[in-house]
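# Coordinates in review
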Amino acid sequence: MTKRIIFIASGVLLIADTVILTVNVAGFNTGIIIPAAAGLLLIAYSVFKIITNNAILIKNKKIKLTLTAMTTAAIISIITLELFISSATVRRKIPDDTKTMIILGAGLRKNRISPVLRRRLDTALPVMKAKPDMLVVVTGGKGATQEVTEAEEMKKYLAAAGVDPDRIVVENKSTSTKENLYFAMNILRENVSIKKNGIILVTNDFHMFRAKHLAVKAGFIPFGLPASTPLSIVINCHIREHLAIIKTFLLD
């Protein structure tokens, strides 16, 4: 009975996590939905055991073997992807002659800079100020519920922080990381420097592995400048990113 109570309590906490983040922090996306789905499964399973006092399905050897194999595969997948994500956040020395930076969009919250996106911009600012001749591309279009584009709001934020607006190039059509980078490449295609000296790529730590992979496919030589992630949404961001990485390698 103790285990069932723990499962139910855990399920309630997972559902609460989804509700709190949806309302107050990060909007509504896959990484936010999954904890609630897992919580509902935990509660449903626990209630089933309490009512029947007999886990009939789990005693079936074939079902038990299948569930064990699926669980093992999921654990291996999670560990492997986390190793990839962690390895991509190790900073390489950025060559002094790298004169172009791309800051990837991360969504707006009520038409304003979200906490995740603010971390990216604040991480980029010291480098931008240290390199006054650096060209900066901000990327991100308009979401279904947004009245303004991410890129335009990013430019306003950087300009308010003291960056010369004339240094900032706006890419405001993209709706995904892949489009961020491919559309940015279209804008920078005639820039000889990016082909020889690479670019500084700014995004959050959890997102850097996939962003670098897509940057290389778009034709860039990326040097990552990872931003931290708000602690309240780290787990949700990693859940969503795991699914996005799998999608990227299977479909992109």
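In the block above lies the structure referred to throughout.
To start, this report covers the structure provided alongside it. (Residues numbered from 1 in each chain as written. Predicted model: local features only at pLDDT ≥ 70, side-chain atom pairs only at ≥ 80, totals over all residues. Heavy atoms only, no water.)

### Some details on the nonpolar core
By size, the foremost hydrophobic cluster in this structure holds 21 residues, and its most contacted members are Ile 102, Leu 181, Leu 201 and Phe 220. Counting only elements with at least two residues in this core, the list comes to helix 4 (61–88), helix 7 (177–188), strand 6 (199–204) and helix 9 (208–218). Looking at this core element by element, the count peaks at 6 residues for helix 9. Contacts of Phe 220, omitting those with residues within four sequence positions, involve Ile 102, Leu 181, Ala 184, Met 185, Leu 188, Ile 194, Ile 199 and Ala 215. (Core = buried A, V, L, I, M, F, W, Y, C linked by side-chain atoms within 4.5 Å. Buried < 20%, exposed > 50% of the residue type's maximum accessible area, 1.4 Å probe, protein only. Helix = DSSP H or I, 4+ residues; strand = E, 2+ residues; numbered from the N terminus. Contact = heavy atoms within 4.5 Å.)

### Some thoughts on the sheet that holds strand 1 (residues 100–103)
The strands that make up a sheet are held in pairs by hydrogen bonds between backbone atoms, and each pair lies either parallel or antiparallel. The 5 strands are arranged 5-4-1-6-7 in an open sheet whose pairing can be described as parallel. The sheet is open, and its two edges are formed by strand 5 (168–171) and strand 7 (222–227), each paired on a single side. Pairs of neighbouring strands in the sheet enclose a mean axial angle of 25°, with direction left out of account. Relative to strand 5, strand 4 (residues 135–139) runs parallel, the two sharing 4 bridges. Bridge pairing in strand 5 places Thr 139 opposite Glu 171. Strand contacts of helix 6 (residues 150–160): strand 1, strand 4 and strand 5, with the helix running at about 135° to strand 4, the strand carrying the most contacts. (Pairing = 2+ DSSP bridges. Axes fitted to C-alpha atoms, helices over the stretch in contact; angles between N-to-C directions.)

### Description of helix 7
The end-to-end C-alpha separation of helix 7 is 16 Å, in line with the 16 Å expected for 12 residues at 1.5 Å each. All of the buried residues in helix 7 are Thr 177, Asn 180, Leu 181, Ala 184, Met 185 and Leu 188. On an axial view of helix 7, the arc spanned by its buried residues comes to 125°, and they lie on one face. On its buried face, helix 7 sits against strand 1, strand 4, strand 5, helix 8 (192–197), strand 6 and helix 9. (Expected span 1.5 Å × (residues − 1). Arc of directions from axis to C-beta.)

### Details of the packing of helix 4 against helix 9
In contact at an axis separation of 7 Å, helix 4 and helix 9 are set at 75° when each is read in the N-to-C sense. One finds that helix 4 runs roughly perpendicular with respect to helix 9. Contact residues: Phe 84, Ile 85 and Ala 88 in helix 4; Met 208, Phe 209 and Lys 212 in helix 9. For the contact of helix 4 with helix 9, the per-class residue count stands at 5 nonpolar, no polar and 1 charged. (Parallel < 35°, antiparallel > 145°, perpendicular 65-115°, else oblique. Nonpolar A, V, L, I, M, F, W, Y, C, P; charged D, E, K, R; others polar.)

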